[in-house]
Amino acid sequence: MKASLTLGKVTNFLGLGFFITLKDLFTGKLEKEEFKNFLRKTIVPLVSILLFIGLWHLGAKSLYNIEAKFKIEKALQDQGQVAADALKTCMVSGESSCQPNTLPSPSQVWNSFQSLLRDHNIISADKAAFIEKTAAMNEKRVAAGKAAIVYTGRPSFVDQVFTSLQTVFAGFLLALLIAVPLGIFIGLSPNLKSAFNWFIQIFKPVSPVVWYLLVFMIVKTLLIGSTEDSSFTISFISVGLCSMWATLVNTAMGVSTVDKDYINVAKVLKLGTFQKIFKVVLPSSLPLIFTGLKITLSVAWMVLIAIELLAQSPGLGLFVWEEFQNGANDSNAKIIVAMFAIGIIGFLLDRLMLMIQNWVSFDKTDAI
Amino acid sequence: MSTITKKEARDGIFPSSDVMLDLKDLKKVYPTPKGDYVVLEDLNLQIKKEEFVTIIGHSGCGKTTMLSMIAGLNPISGGSISVLSKHIKGPGPDRGVIFQSPSLMPWMTSLQNVMLGVNQVFPDATKKEREDVAKYYLQKVGLEDAFYKKASELSQGMQQRVGIARAFAIKPKVLLLDEPFGMLDSLTRGELQDILIEIWNKEKITAVMITHDVDEAIFLADRVVMMTSGPSAKIGDVLDINFERPRTRKSVLEHDDYYTYRKHLIDFLEH
Ligand SMILES: Nc1ncnc2c1ncn2[C@@H]1O[C@H](COP(=O)(O)OP(=O)(O)OP(=O)(O)O)[C@@H](O)[C@H]1O
Ligand SMILES: [Mg+2]
């Protein structure tokens, strides 16, 4: 009983509440009036997903036809009837080298997804074998004071996803460490508030690309002479600076609008500044701070791709860029796989934040 | 029935050693876009040690303004307020406040809410001793089963009970109450009045309470202070309530003087 209750809570949090309804349907627990609800929460989303895939399929097909027709006509003009016929049969046979390059269909994307997973398994096995093979040698090298040999093979798609997550979390952490304390100070002092206001207004709308360039200018100089690869540093700092504004503004607002009653209680009890901040001001502004952090995390994830791409730092952004440059026959499908990965991970991150927020915040109705 | 004119109240029918709270020529001006608004002017009032005073007056006459000035939460525009002959400087735990809304920190448990004040006032006591103080008062207000409940999970009435416990637990000299039961149903209100009187009686502190309820004013008070309507509100009249304590609601209602007191207050308010 208790376990299923918490399961229900968790799935509801994740926006997957319809699983529970589905379970009820099969166990026959569903009431009649709940049926409408079930329709809305389960059938409607499912139908809309199928519709989306269908439309996508048709759209991709017609784009394919346009591209194919153009290619064949071009072959006819440039190389004559024989070449055109050969191209046609090649296309119909499904041979990948002569496929038109356009929006991939859902099935192509699905195939690419599976091939990326296979690729990941191969690379992981390769890596594991490498580590096993070098383990003994590395032990000796370390004992002798030499650097261990590390695996330098190509990262798989899954590796790229994890690298991106690392960058985003580093950036998010940076944003949190800067924006929350700064927001508290700004919220507490009207003077600081007017000092920082213009600063916030001007820098908030600056685009990720410009932040990247700015960070690049500074970090490049700071790390001059160092042989370390600075692309990770540059990209996570840029992500942090880009995304911290929502948290800064929300924290400052939360802190400066604490309920007057609480402040009066703090005054009557003569709480010290430290106590006032940690026992009264901060807890009461937590909901707003979290709203800010939630926006920060989703912005961080959104700008990450662009920044990784610019910084040439490993991750999903670089993956997309390389596939685009690569122009292999399944590159487009891989880019769409990356797109879905980005979307789904972004959604899960948002839910994660919501869960943490509900967990720490006192006002259970306030979230979302 | 005896009434005291404002002059008498000011110049002391009480020996000065008996006076806990002394308001002298108190004035409050709120600046407004249309010029200054004088809420209180020439307000004089003395309150004895261990006395329970209730304050009634029309809405907007300046009761909350006066109480928040005594609490030190609202600056004085003129005159003075002293506690035990010392001018007050800002708020402090010698004057506990129970606000109209319970004003608990909703993210803390009842115990933590009370501890917030206790920790402040008894910094040298051990944690155990401080917790015992907090628990004692929570138990006094009937919350022995709710020490560890989040304030946000308590009903209005229970929250106000915590408010009462928090106020008494810091052992104030003066307890200031601004319509503390205004938001409660009459049953809960009656219970909390009894609890308030019981603890007040035991702790021997001075209480000043604003209320809109004439019966509540009579039932609780040694004296009922009536404020004139603003602007420039002052003390209009003071009524001594000579019922013996401890009082029960029944004995008060059956007392011959009850309707005389009640008529006096209502006559004042209707003018
Ligand atoms: N901060 C303020 N600035 C300007 N005017 C104010 C301010 N606070 C209160 N007032 C005005 O002062 C007057 C007295 O207000 P106060 O809240 O003290 O009345 P009250 O007697 O407590 O009323 P109620 O019985 O409705 O609680 C009112 O006219 C109110 O509008
Ligand atoms: Mg008021």
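All of these numbers come straight from a predicted model, not from anything done at the bench. (Residues numbered from 1 in each chain as written. Chains lettered and ligands numbered in written order. Predicted model: local features only at pLDDT ≥ 70, side-chain atom pairs only at ≥ 80, totals over all residues. Heavy atoms only, no water.)

*Asks:* Can you explain the overall build of chain B? Please cite residues and give values.
*Replies:* Across its full length, chain B carries nine helices and 10 strands. The C-alpha radius of gyration of chain B comes to 19 Å, within 12% of the 18 Å expected for a compact globule of 271 residues. Dimensions of chain B, computed from C-alpha atoms along their principal axes, come out at roughly 50 × 45 × 40 Å. Scored against the burial criterion, the 271 residues of chain B give a buried share of 53%. Long-range contacts, defined here as pairs at least 24 residues apart, represent 70% of the contacts in chain B between residues at least 6 apart. Of the roughly 12,000 Å² of accessible surface on chain B, a fraction of 51% belongs to carbon and sulfur atoms. (Helix = DSSP H or I, 4+ residues; strand = E, 2+ residues; numbered from the N terminus. Rg over C-alpha atoms; globule rule 2.2 N^0.38 Å. Buried < 20%, exposed > 50% of the residue type's maximum accessible area, 1.4 Å probe, protein only. Contact = heavy atoms within 4.5 Å. Areas by Shrake-Rupley, 256 points an atom, 1.4 Å probe, with all protein chains shown as cover.)

*Asks:* A description of the interface of chain A and chain B should follow, citing residues and the corresponding values.
*Replies:* With 16 residues of chain A at the interface, the matching set in chain B holds 21 residues. In this assembly, chain A packs against chain B so that about 1,700 Å² is buried in total across both faces, 72% of it on carbon and sulfur atoms. The interface formed by chain A and chain B holds zero salt bridges in total. Where chain A packs against chain B, one counts four residue pairs in polar contact (both at pLDDT 80 or more). Breaking the side of chain A that touches chain B down by element, the ones donating at least two residues are α11 (260-268) and α12 (273-311) of chain A. (Buried area = accessible area lost by both parts, 1.4 Å probe. Salt bridge = Lys/Arg side-chain N within 4 Å of Asp/Glu carboxyl O. Polar contact = N/O pair within 3.5 Å; in protein donor to acceptor, adjacent residues only side chain to side chain.)

*Asks:* Quick rundown of the layout of surface pockets? Include the residues and the values.
*Replies:* All names here are of chain A. When its volume is computed, the largest pocket comes out at roughly 610 Å³. Lining the largest pocket are 27 residues; nearest its centre among them are Tyr-64, Gln-99, Pro-100, Gln-108 and Asn-329. Elements with a minimum of two residues in the lining of the largest pocket: α3 (33-79), α5 (106-143) and α14 (331-360). A breakdown of the residues in the lining of the largest pocket according to their chemical character gives eight nonpolar, 16 polar and three charged. Domain assignment of the residues forming the lining of the largest pocket places at least three in each of domain 1 (31-99) and domain 2 (155-360). Roughly 470 Å³ of volume is contained in the second largest pocket. Contributing to the lining of the second largest pocket are 14 residues, with Val-109, Trp-110, Phe-340, Ala-341 and Ile-344 lying nearest its centre. With five residues, α14 is the single largest residue contributor to the lining of the second largest pocket. Broken down by class, the residue content of the lining of the second largest pocket amounts to 14 nonpolar, no polar and no charged. Two domains share the lining of the second largest pocket, each providing at least three of its residues, namely domain 1 (31-99) and domain 2 (155-360). (1 Å grid on protein atoms, 1.4 Å probe; cavity = no way out; pocket = protein on both sides within 12 Å on 5 of 7 lines; lining within 4 Å. Points joined across faces, edges and corners; volume = space filled by probe spheres on them. Nonpolar A, V, L, I, M, F, W, Y, C, P; charged D, E, K, R; others polar. Domains from an automatic or database assignment.)

*Asks:* Go over the nonpolar core with me, naming the residues and quoting the values.
*Replies:* Of all hydrophobic cores here, the largest spans 99 residues; its most connected members are Phe-157 and Trp-301 of chain A together with Leu-21, Leu-23, Leu-43, Met-66 and Met-227 of chain B. Here this core gets 15 residues from one element, more than from any other, and that element is α12 of chain A. By size, the runner-up hydrophobic cluster in this structure holds 52 residues, among which are Leu-192, Ile-195, Ile-197 and Leu-220 of chain B. (Core = buried A, V, L, I, M, F, W, Y, C linked by side-chain atoms within 4.5 Å.)

*Asks:* Break down the packing of helix α5 (residues 156-169) of chain B against helix α6 (residues 186-203) of chain B for me, citing the residues and quoting the values.
*Replies:* Residue and element names in this part refer to chain B. As a packed pair, α5 and α6 sit with axes 11 Å apart at the nearest point and diverge in direction by 10°. On the basis of their axis angle, the class for α5 and α6 is roughly parallel. Contacts between α5 and α6 pair Gly-157, Gln-160, Arg-161, Ile-164 and Phe-168 from the former with Thr-188, Glu-191, Leu-192, Ile-195, Leu-196, Ile-199, Trp-200 and Glu-203 from the latter. Here the contact of α5 with α6 is composed, by residue class, of seven nonpolar, three polar and three charged. (Axes fitted to C-alpha atoms, helices over the stretch in contact; angles between N-to-C directions. Parallel < 35°, antiparallel > 145°, perpendicular 65-115°, else oblique.)

*Asks:* Account for the sheet that holds strand β2 (residues 35-48) of chain B, with residues named and values stated.
*Replies:* Residue and element names in this part refer to chain B. Strand order in the open sheet formed by four strands is β2-β1-β4-β5, with antiparallel pairing between adjacent strands. What marks the edges here is a single partner per strand, and that holds for β2 and β5 (86-87). Those strands touched by helix α2 (residues 63-71) are β1 (19-32), β2 and β4 (78-83), and its axis lies near 120° from that of β1. (Pairing = 2+ DSSP bridges.)

*Asks:* Tell me about the pattern of salt bridges, and name the residues and values.
*Replies:* Residue and element names in this part refer to chain B. Tallied over the entire structure, the rule returns 19 salt bridges over all chains. The partner of Lys-127 in a salt bridge is Glu-131, with the nearest N and O atoms 3.4 Å apart. Taken together, the residues Lys-127 and Glu-131, both in helix α4 (residues 127-140) and four residues apart, mark about one turn of the helix. The exposure class of Lys-127 is exposed, given its relative accessible area of 54%. With a closest N to O distance of 3.8 Å, Glu-198 and Lys-140 form a salt bridge. Here Glu-198 is found in helix α6, whereas its partner Lys-140 is found in helix α4, with 58 residues between them in sequence. A residue is classified by how much of its surface remains accessible, and Glu-198, at 46% relative accessible area, is partly exposed.

*Asks:* Which residues make up α5 of chain A, and what values do they have?
*Replies:* Residue and element names in this part refer to chain A. Across its 38 residues, α5 extends 53 Å between first and last C-alpha, which sits within 8% of the 56 Å expected from 1.5 Å per residue. Along α5, the sharpest kink reaches roughly 50°, centred on Ala-135. Along α5, the positions that sit buried rather than exposed are Pro-106, Val-109, Ser-112, Leu-116, Asp-119, His-120, Ile-123, Thr-134 and Asn-138. Considering only its buried residues, α5 is in contact with α3, α6 (157-188), α13 (316-326) and α14. At the exit of α5 stands Gly-145, carrying a positive phi of roughly 85°. (Expected span 1.5 Å × (residues − 1). Bend = angle between axes of the 7 residues up to and from the residue.)

*Asks:* Hey, could you go over the pairing of β2 of chain B for me, with residue numbers and the actual values?
*Replies:* All names here are of chain B. As judged from the 10 bridges shared by β1 and β2, these two strands associate in the antiparallel manner. Across the sheet, Leu-26 pairs through a bridge with Leu-43, a residue of β2. Between β1 and β2, which pair antiparallel one after the other, the connecting turn spans two residues.

*Asks:* Give me the confidence of the model for chain B: which residues, what numbers.
*Replies:* Residue and element names in this part refer to chain B. Across chain B, the average pLDDT comes to 91, with 95% of residues at or above 70. Of all secondary-structure elements in chain B, the lowest mean pLDDT belongs to helix α1 (residues 6-11), at 49, while strand β3 (residues 52-56) reaches the highest, 97. Reported for the predicted complex are a pTM of 0.77 and an ipTM of 0.85. (pLDDT = per-residue confidence, 0-100.)

*Asks:* So what about the site of ligand 1? Which residues, and what values?
*Replies:* Residue and element names in this part refer to chain B. Taken together, 13 residues are adjacent to ligand 1, and Ser-59, Gly-60, Lys-63, Thr-64 and Thr-65 come closest. Between Tyr-30 and ligand 1, the recorded distance is 3.4 Å, taken from a side-chain N or O atom to a nitrogen atom. Side-chain polar atom of Ser-59 to an oxygen atom of ligand 1: 2.6 Å apart, as the coordinates give it. For ligand 1, whose unbound accessible area comes to 640 Å², protein coverage reaches 61%. Sorting the residues of the shell around ligand 1 by element identifies β2 and α2 as the ones contributing at least two each. Top contributing element to the shell around ligand 1 by residue count: α2, with three residues. Broken down by class, the residue content of the shell around ligand 1 amounts to four nonpolar, seven polar and two charged. (Near = heavy atom within 4 Å.)

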